[in-house]
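# Structure at a glance
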Amino acid sequence: MSAEDIVRIVDLRSDTVTLPPPAMREAALRAPLGDDVYGEDPTVRTLEEQAAEITGKEAALLVTSGTMGNLVAVLTHCGRGDEVILGDQSHTFLYEVGGISALGGVHPHPVHNEPDGTMPLREIEAAIRPENVHFPRTRLICLENTHNRCWGAPLKPEYTCAVAKLARARGLAVHLDGARIFNAAIALGVEVRELTCDVDSVTFCLSKGLAAPVGSVICGEREFVAEARRIRKMVGGGMRQAGIIAAYGIVALQTMVERLAGDHENAKLLARGIANIDGLSTEPERVQTNIVYFELERGDPEEFYRRVRAGGILFHRMGERKFRLVTHYGITRPDIDRALAVLADAAKGLV
Ligand code: TLP
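Predicted model, so just to flag it, every value in this text is computed and none were measured.

### Re the overall build of the chain
Check the secondary structure of the chain and you find 14 helices and 13 strands. The C-alpha radius of gyration computed for the chain amounts to 21 Å, which stays within 12% of the reference 20 Å derived for 351 residues, consistent with globular compactness. Over its C-alpha atoms, taken along the principal directions, the chain stretches across nearly 60 × 55 × 35 Å. A total of 351 residues make up the chain; the buried ones form 54% of that total. The contacts of the chain with a sequence gap of at least 6 include a subset with a gap of at least 24, amounting to 74%. A total of about 15200 Å² of accessible surface is found on the chain, and carbon and sulfur atoms cover 52% of it. Each charge class in the chain can be summarised by its mean position, and for the 40 positive and 47 negative side chains these summaries are 2 Å apart.

### A closer look at the site of the ligand
Close contacts around the ligand come from 14 residues, with Ser-14, Gly-66, Thr-67, Asn-148 and Asp-177 the closest. A distance of 2.9 Å is found between an oxygen atom of the ligand and a side-chain nitrogen or oxygen belonging to Arg-180. The side chain of Arg-324 places a nitrogen or oxygen atom 2.9 Å from an oxygen atom of the ligand. In terms of residues, the shell around the ligand owes the most to one element, helix α3 (residues 66-77), which gives three residues. For the shell around the ligand, the residue count by class is one nonpolar, seven polar and six charged.

### Things to note about the domain arrangement of the chain
Entries for the chain in the domain assignment read domain 1 (3-17 + 259-347) and domain 2 (31-255). Measuring from the centre of the C-alpha atoms in domain 1 to the corresponding centre in domain 2 gives 29 Å. Note on domain 1 versus domain 2: buried area summed over both sides is about 1800 Å², and carbon and sulfur give 54% of it. It is Leu-260, Arg-286 and Tyr-293 that lose the most area in domain 1 upon contact with domain 2, and together they represent 33% of the buried surface on that side. Here Asp-15 makes a salt bridge to Arg-180, at a shortest N to O gap of 2.8 Å. Remark: the boundary between domain 1 and domain 2 carries seven residue pairs in polar contact (both at pLDDT 80 or more).

### So, the sheet that holds strand β10 (residues 291-296)
Judged by pairing direction, the sheet is antiparallel, and its four strands sit side by side in the order β9-β10-β13-β12 without closing on themselves. Looking at the sheet topology across the chains shown, the edges are occupied by β9 (280-281) and β12 (316-317). Note that β10 and strand β13 (residues 322-326) share five bridges and pair antiparallel. Bridge pairing links Tyr-293 to Arg-324 in β13. Sheet contacts for helix α12 (residues 260-275): β9, β10 and β13; angle to β10, the most-contacted strand, approximately 15°.

### Thoughts on the packing of helix α2 (residues 42-55) against helix α11 (residues 243-255)
Interaxial distance between α2 and α11 falls to 8 Å at its minimum, and their mutual angle equals 35°. The handedness of the crossing between α2 and α11 is left-handed. Facing Thr-43, Val-44, Thr-46, Leu-47, Gln-50 and Ile-54 of α2, the residues of α11 in contact are Gly-243, Ala-246, Ala-247, Gly-249, Ile-250 and Leu-253. When its residues are assigned to classes, the contact of α2 with α11 shows seven nonpolar, five polar and no charged.

### What to know about the environment of Pro-136
You can see Pro-136 is positioned in the loop between α6 (121-127) and β5 (137-144). Apart from residues no more than four positions distant in its own chain, Pro-136 is found in contact with Gly-81, Glu-83, His-107 and Arg-129.

### Here's the deal with a negative patch on the surface
A grouping of Glu-58, Asp-200, Glu-221, Glu-223 and Glu-227 is seen on the molecular surface, where their side chains present a negatively charged patch. Looking at Glu-58, the relative accessible area reads 41%, which means it is partly exposed.

### Observations concerning unusual backbone geometry
Leave glycine aside and you will find that most residues have negative phi; peptide bonds, for their part, are mostly trans. Here the residue pair Asn-145 and Thr-146 is connected by a cis peptide bond, since its omega of -5° sits within 30 degrees of zero. Despite not being glycine, Val-97 shows a phi value in the positive range, around 60°. Within the secondary structure layout, Val-97 lies in the loop between α4 (91-95) and α5 (99-104). We note that Trp-151 has phi near 60°; this positive angle belongs to a residue other than glycine. Overall, Trp-151 belongs to the buried group, its relative accessible area being 7%.

Here is what the cut-offs are and how they apply
- Residues numbered from 1 in each chain as written.
- Predicted model: local features only at pLDDT ≥ 70, side-chain atom pairs only at ≥ 80, totals over all residues.
- Heavy atoms only, no water.
- Helix = DSSP H or I, 4+ residues; strand = E, 2+ residues; numbered from the N terminus.
- Rg over C-alpha atoms; globule rule 2.2 N^0.38 Å.
- Buried < 20%, exposed > 50% of the residue type's maximum accessible area, 1.4 Å probe, protein only.
- Contact = heavy atoms within 4.5 Å.
- Areas by Shrake-Rupley, 256 points an atom, 1.4 Å probe, with all protein chains shown as cover.
- Lys, Arg positive; Asp, Glu negative; His and termini not counted.
- Charge placed at Lys NZ, Arg CZ, Asp CG, Glu CD.
- Near = heavy atom within 4 Å.
- Polar contact = N/O pair within 3.5 Å; in protein donor to acceptor, adjacent residues only side chain to side chain.
- Nonpolar A, V, L, I, M, F, W, Y, C, P; charged D, E, K, R; others polar.
- Domains from an automatic or database assignment.
- Buried area = accessible area lost by both parts, 1.4 Å probe.
- Salt bridge = Lys/Arg side-chain N within 4 Å of Asp/Glu carboxyl O.
- Pairing = 2+ DSSP bridges.
- Axes fitted to C-alpha atoms, helices over the stretch in contact; angles between N-to-C directions.
- Left-handed = near helix turned anticlockwise from the far one by under 90°.
- Patch = residues over 30% accessible without salt bridge, like charges linked within 9 Å, V, L, I, M, F, W, Y side chains within 5 Å.

Structure representation (structure tokens):
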């Protein structure tokens, strides 16, 4: 095989595939460390202070993943048999292994997500249980920003505020799965805290668009975070010299936020290009952040998927004829052009 035969893999499966740049690796090597279960890791403390500041909360807690962040937050808000209202397209409902039920005995009450990632306020209201011996007790409402399954749609501050107002009036808490909250802030041109100030807790991820290798952070009021720290320990998430991980996160927050605008630009280019490919359909106007969905209009989806992968483009199949592409730190403008060329080639001749 000659050098020309080796094609660069363009990995559009997810922004989770990003590799940490040298500055992060160097920071991890230099980071002062301690035992974080004793509260003695200075690098973890710094990251948690910064995360609290960014989200406008009193305190924060480093966890291993977005899944653990949402699990620990829900288990902190809810007891066994309590109910959580969440979107039927939400990550917590669909992709977190049913952890809130399996590990916390928390009952999910899904409400339909609109294409823009919101749940209609009247439907949230209708889902709240009245006091009755037959019903579980509603404790929590979960939102997701940006909304993964809804084309990476960012939720506006006014919507989050309206849900929080409704929750407060009914004595409920609100948790925000902000795995991609920085994408939302950049897309809407607002500060992260404007998107988080009204919720009781938020989880954001360091290992998606921000390109750190591991880590998510739960933020909330001091008492909530102290309780979440206990639950984290319970699920085996107490980490010792976790400053190694936190150091990556600190550099991620310093260097990776502004560049998300480029990922969004690439996603829009990708969507506009796909809209022009015969046999594929998408809605470019829906793309506001880094996630693009498209459909194969005709032909065998297996064959299409195989052809695109053989062309060195990796992506996810999300349904019979539905696919997802995610742009990120590892994707360049020429990668977008290549991906479009391979997609066009693969769709050609499929009947
Ligand atoms: N999402 C992953 C997959 O699990 C689907 C992806 O590739 O998009 N909340 C949201 C909104 C997410 O998109 C994800 C990851 C998580 C939580 C969980 O984060 P991790 O993977 O760190 O557990």
